[in-house]
Amino acid sequence: MGKMSMRVGNRLNSTIVRARMKRIAKTKTFTTKQQRTQKSTSGSSGQSISQLLSKLNANSGKTSSAEQLLANRTQTLLYSGMETAAERVEKRLGKFLKTDGTSVFDEEDETKLKENIESFVNDYNYLMKRLAQSGDIVDSNYAKKLKNYANAENKELREIGITIKGDGTLELDENKLKAADISQVKKLFTGEDGFAKKVSNLSGQIGKYAKEKVTELAKVEETEKPVAVTVSPAEKM
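Only a predicted model underlies this, so the values are computations on that prediction, with no experimental measurement involved. Within each chain, residues carry numbers counting from 1 in the order of the written sequence. Confidence filtering applies because this is a predicted model: local features only for residues at pLDDT of at least 70, side-chain atom pairs given and counted only at 80 or more, and all residues used for totals across whole chains, interfaces and linings. Water and hydrogen atoms were dropped before computing side-chain values, which therefore reflect all heavy atoms in the structure.

Draft legend 1. Quick look at the overall build of the chain. Starting at the N terminus, helices and strands are each numbered in turn, a helix being any DSSP run of H or I of at least four residues and a strand any DSSP run of E of at least two. Helices and strands together make up the secondary structure of the chain, namely nine helices and two strands. Its helices and strands taken in sequence order, the chain reads α-α-α-α-α-β-β-α-α-α-α from the N to the C terminus. When burial is assessed residue by residue, the chain has 29% of its 237 residues classed as buried. Whether two residues are in contact is decided by their heavy atoms, any of which lying within 4.5 Å being enough. For the chain, the share of sequence-separated contacts (at least 6 apart) that also reach a separation of at least 24 residues comes to 73%. Throughout this description, buried means an accessible area under 20% of the type-specific maximum (1.4 Å probe, protein chains only), exposed means over 50%, and partly exposed covers the range between.

Written out as structure tokens, the structure is:
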């Protein structure tokens, strides 16, 4: 009887011990899995935020914003060149239009006079090309006005060696210009209502408009600059 009781007691103790060991093992397994899950979730979510913000920063300004920025800068270069060309045309014609005794006509230097006409033709052509490149309706109207002024004096311009091409630019025959009479040149490049005065006045308007466009584009570029998204240390954790 005593031996049997001892066996039953030993079996009971073993059963209790095994049960406790299983509970401890399950608890450890659950805790380990929970810790792994928390680490995995924390790591993956933090990484996703970081990656997403990195992509936003990387792609920021690379789509339509980048294209717009490039277009703005191209337009800025175009209008800067247009402004310079318009100013040069106005300044060049101003040398012919002076009435204070210091015009190129008053200097009575035919070589210098004809050199200034050659320079005017080059500056005028550069301005016309810039106007044609912009595609702006205002610039198209300016180009049309310049063509009209030239066409109105087509015969007189031909007499001094200047012909009007299909695109509105001018072509100079230097030999014909050298042979031209000074009185013919004066007829075109002097007077308050002559060819030179009209082109000079319009060039002043074009220069002013081009300058305004450059300022406007600079403001647009400033607002179009991409803003980088920063990630705080806490978000990266």
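Following the structure, the description resumes.
Draft legend 2. Region of interest: the packing of helix H3 (residues 110-134) against helix H4 (residues 137-152). Only the stretch in contact is used when a helix axis is fitted, and all axes are lines through C-alpha atoms; the angle between N-to-C directions ranges over 0 to 180 degrees. Two elements in contact, H3 and H4, have axes separated by 8 Å at closest approach and are oriented at 145°. Of the two elements, H3 crosses H4, and the hand of that crossing is left-handed. Residue-level inspection shows Tyr124, Leu127, Met128, Leu131 and Ser134 of H3 in contact with H4, the latter providing Asp139, Tyr142, Ala143, Leu146, Lys147 and Ala150. A class-by-class count of the residues in the contact of H3 with H4 yields eight nonpolar, one polar and two charged. Put simply, a crossing is left-handed when the front helix is turned counterclockwise from the back one by less than a right angle, and right-handed when it is turned clockwise. Polarity classes work like this: nonpolar for Ala, Val, Leu, Ile, Met, Phe, Trp, Tyr, Cys and Pro, charged for Asp, Glu, Lys and Arg, and polar for all others, with Gly in that last group.

Draft legend 3. Local environment of unusual backbone geometry. Despite not being glycine, Glu108 has its phi angle at roughly 55°, a positive value. Summarising the element assignment, Glu108 is placed in the loop between helix H2 (64-97) and H3.

Draft legend 4. Quick look at the side chain of Glu83. Counting through the fold element by element, Glu83 comes out in helix H2. Here Glu83 occupies a buried position and makes no salt bridge, while the nearest side chain of opposite charge, Lys211, is found at 4.9 Å. Those residues within four positions of Glu83 in sequence are excluded, and the remaining contacts are Gly207, Ala210, Lys211 and Val214. The sign given to each residue is positive for Lys and Arg and negative for Asp and Glu; His and the chain ends receive no count. Criterion for a salt bridge: a side-chain nitrogen of Lys or Arg within 4 Å of a carboxyl oxygen of Asp or Glu.

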